[in-house]
Amino acid sequence: PSVGYRLFGVCVHSGRAAGSGHYFSYVRDPTPGGGWLLCNDEHVRESSFSAIPSSGSDTPYLLFYARDSDPRWDATMDDNHDHRPSLAALDSRLFADVMEDNR
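Quantities reported herein were computed from a predicted structural model and do not represent experimental measurements.

Undergrad: Whenever I open this one, the nonpolar core confuses me. Can you help?
TA: Considering soluble globular proteins, one finds that nonpolar side chains tend to be buried as a cluster. One finds L7, V10, V12, F24, Y26, W36, L38 and I52 forming the largest nonpolar core, which totals eight residues. Top contributing element to this core by residue count: strand β1 (residues 5–14), with three residues. The residues contacting Y26, other than those within four sequence positions of it, are F8, G9, V10, V12, W36, L37, L38, S47, S48, A51, I52 and P53.

Right under this line is the structure:
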């Protein structure tokens, strides 16, 4: 049987090299009907899944998933806010890197 997962967090690196730059994150608000939040240092504001960068100098660095069967998330991720992006939706360079790392 297939096991499903839901994206609930993305850590993003902004900069040209891993040794420098800035990190910020997008996280799912776990309350019923909650959307995405942008967490950047001490600032937290409402955002959206479509605002998560996929290429350029802002690069998704870590993706956090929860199992569909996790009871902490079942009630909060309704159809209006559920995002299950596939690897194919990633920037082609990022997709190639993920596939290489998973070999």
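Undergrad: Please explain the sheet that holds strand β3 (residues 36–40) as it appears in this structure.
TA: Strands pair in a sheet through their backbones, by hydrogen bonds, and they do so in one of two ways: parallel or antiparallel. Strand order in the open sheet formed by five strands is β4-β3-β2-β1-β5, with antiparallel pairing between adjacent strands. One side of each edge strand has no neighbouring strand; the edge strands of this open sheet are β4 (43–47) and β5 (58–67). On average, each strand axis in the sheet is tilted by 20° relative to the strand beside it, whichever way the strands run. Sheet topology note: the β1/strand β2 (residues 22–28) ladder contains six bridges and is antiparallel. The residue bridging H13 from the neighbouring strand is Y23, located in β2.

Calculation criteria
- Residues numbered from 1 in each chain as written.
- Predicted model: local features only at pLDDT ≥ 70, side-chain atom pairs only at ≥ 80, totals over all residues.
- Heavy atoms only, no water.
- Core = buried A, V, L, I, M, F, W, Y, C linked by side-chain atoms within 4.5 Å.
- Buried < 20%, exposed > 50% of the residue type's maximum accessible area, 1.4 Å probe, protein only.
- Helix = DSSP H or I, 4+ residues; strand = E, 2+ residues; numbered from the N terminus.
- Contact = heavy atoms within 4.5 Å.
- Pairing = 2+ DSSP bridges.
- Axes fitted to C-alpha atoms, helices over the stretch in contact; angles between N-to-C directions.

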